[in-house]
Amino acid sequence: MDTDDQFDILKKIREVDAPPFLLTRIWERIHTPDDEPVSVQWKWGFALTGLAVLVLNIAIVLKTTPGQTISQLDSLVSSLHLSSQNSLYDE
Amino acid sequence: MIADSQFETLYSNYKNLVYNLGLHYTQNTLDAQDITQEVFVKVFQRYHTYQPAAASLKTWIYRIAVNQCLDFLKARKTKRRFGFMTSLFSPRSNEPLQDIAHFDHPGVTAEYKEETALLFRAINELPVNQRTAVILVKIEGRSQKEVAEIMNTGVKAVESLLQRARQNLSKKLTNPKGKHLFIV
């Protein structure tokens, strides 16, 4: 059977009338705003959360500055009596 | 902005076109109603962007309708994919786990319902552009030139889409033994 024969059955589909109540629904939809505006409480909530995250990040960055890390490493090396040089033999 | 009376005239002229296109894409009356509603809301809101020199009003409405149908199907696919997760978070929800629409095309007579449903199942599996070309040319009866304008492409491209759709449908409707599953 040819594929065109298969398509022929599609030509037998009748046109249907749209239901009469649709226009009323459309007018209702048009006159109803899409989204409710975000409340002030939510806006403040988001702003404060964002600020808290920012402050936390800054605090973490300040606490772990490179200078401090090196000094901590130095103190660890000296407390364990480790050699901080690359030469293996005291030449 | 379009005047209310002008919009109502436009609606009465094109409501069946949009509704039937929605039916061809979804094969479900409720879905087609939702699509028609959204299309005309968009037509109302975007009428000021319509340029008569670029395309006819019918072509413009067709474009909005085709895009709305494709968006609707994409959203339904996503909803199905995440339906299980949603049901986990809201177990009391009355919505079915998978919103699988059954074949409910009022334009198809009972005599051909089974065959048409089978053919639509295969059409629904076609790539989006091929599906659109088949629906517009073979069901809506639009000329290839018109379809090219609606799809914003060339006539040759539409011809090629139809050719590939034919080949794909032929494969989909043939069982492994080489017999057509679809009998007219």
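Our structure is the block above this text.
An account of the accompanying structure is given in this report. (Residues numbered from 1 in each chain as written. Chains lettered and ligands numbered in written order. Predicted model: local features only at pLDDT ≥ 70, side-chain atom pairs only at ≥ 80, totals over all residues. Heavy atoms only, no water.)

A few words now on the overall build of chain B. Scanning chain B from N- to C-terminus turns up seven helices and zero strands. Traced from its N-terminal end to its C-terminal end, chain B shows the element sequence α-α-α-α-α-α-α. For chain B, the residues scored as buried account for 43% of the 184 residues in total. Excluding contacts between residues fewer than 6 apart, the proportion of contacts in chain B whose partners are at least 24 apart in sequence is 61%. Carbon and sulfur atoms form 51% of the exposed surface of chain B, whose accessible area is close to 10,200 Å². (Helix = DSSP H or I, 4+ residues; strand = E, 2+ residues; numbered from the N terminus. Buried < 20%, exposed > 50% of the residue type's maximum accessible area, 1.4 Å probe, protein only. Contact = heavy atoms within 4.5 Å. Areas by Shrake-Rupley, 256 points an atom, 1.4 Å probe, with all protein chains shown as cover.)

Tallying the contact residues gives 25 residues for chain A and 39 residues for chain B. In total, chain A and chain B occlude about 3,200 Å² of area from one another, counting both sides; carbon and sulfur atoms represent 67% of this. Remark: the boundary between chain A and chain B carries two salt bridges. Measuring nitrogen to oxygen at the nearest pair gives 2.8 Å for the salt bridge that ties A:Arg25 to B:Asp34. Joining chain A to chain B, the criterion identifies 10 residue pairs in polar contact (both at pLDDT 80 or more). Going through the elements one at a time, helix 1 (3-8) and helix 2 (22-31) of chain A are the ones with two or more residues in the side of chain A that touches chain B. With seven residues, the single largest contributor to the side of chain A that touches chain B is helix 2 of chain A. When the residues that make up the side of chain A that touches chain B are grouped by side-chain class, the tally is 14 nonpolar, two polar and nine charged. (Buried area = accessible area lost by both parts, 1.4 Å probe. Salt bridge = Lys/Arg side-chain N within 4 Å of Asp/Glu carboxyl O. Polar contact = N/O pair within 3.5 Å; in protein donor to acceptor, adjacent residues only side chain to side chain. Nonpolar A, V, L, I, M, F, W, Y, C, P; charged D, E, K, R; others polar.)

Okay, the nonpolar core next. Core analysis: the largest hydrophobic core is formed by 63 residues, its most contacted members being A:Leu10 and B:Phe7. For this core, the element with the most residues is helix 1 (residues 4-26) of chain B, which contributes 10 residues. When neighbours within four sequence positions are excluded, A:Leu10 is seen to be in contact with B:Leu119, B:Phe120, B:Ile123, B:Val134, B:Lys138 and B:Ile139. (Core = buried A, V, L, I, M, F, W, Y, C linked by side-chain atoms within 4.5 Å.)

Okay, the packing of aromatic side chains next. Summed over the entire model, instances satisfying the criterion amount to 10 aromatic pairs over all chains. Ring centres of A:Trp27 and B:Phe7 lie 5.2 Å apart, and the angle between their planes is 65 degrees; on these two criteria the pair is classed as edge-to-face. Taken together, the residues A:Trp27 in helix 2 and B:Phe7 in helix 1 connect one chain to another. For the pair A:Trp27 and B:Phe7, one class covers both residues: buried. An aromatic cluster of three or more residues is present, and its members are A:Trp27, B:Phe7, B:Tyr11, B:Phe40 and B:Phe44. (Phe/Tyr/Trp six-rings, centres within 6.5 Å; stacked < 30°, edge-to-face > 60°.)

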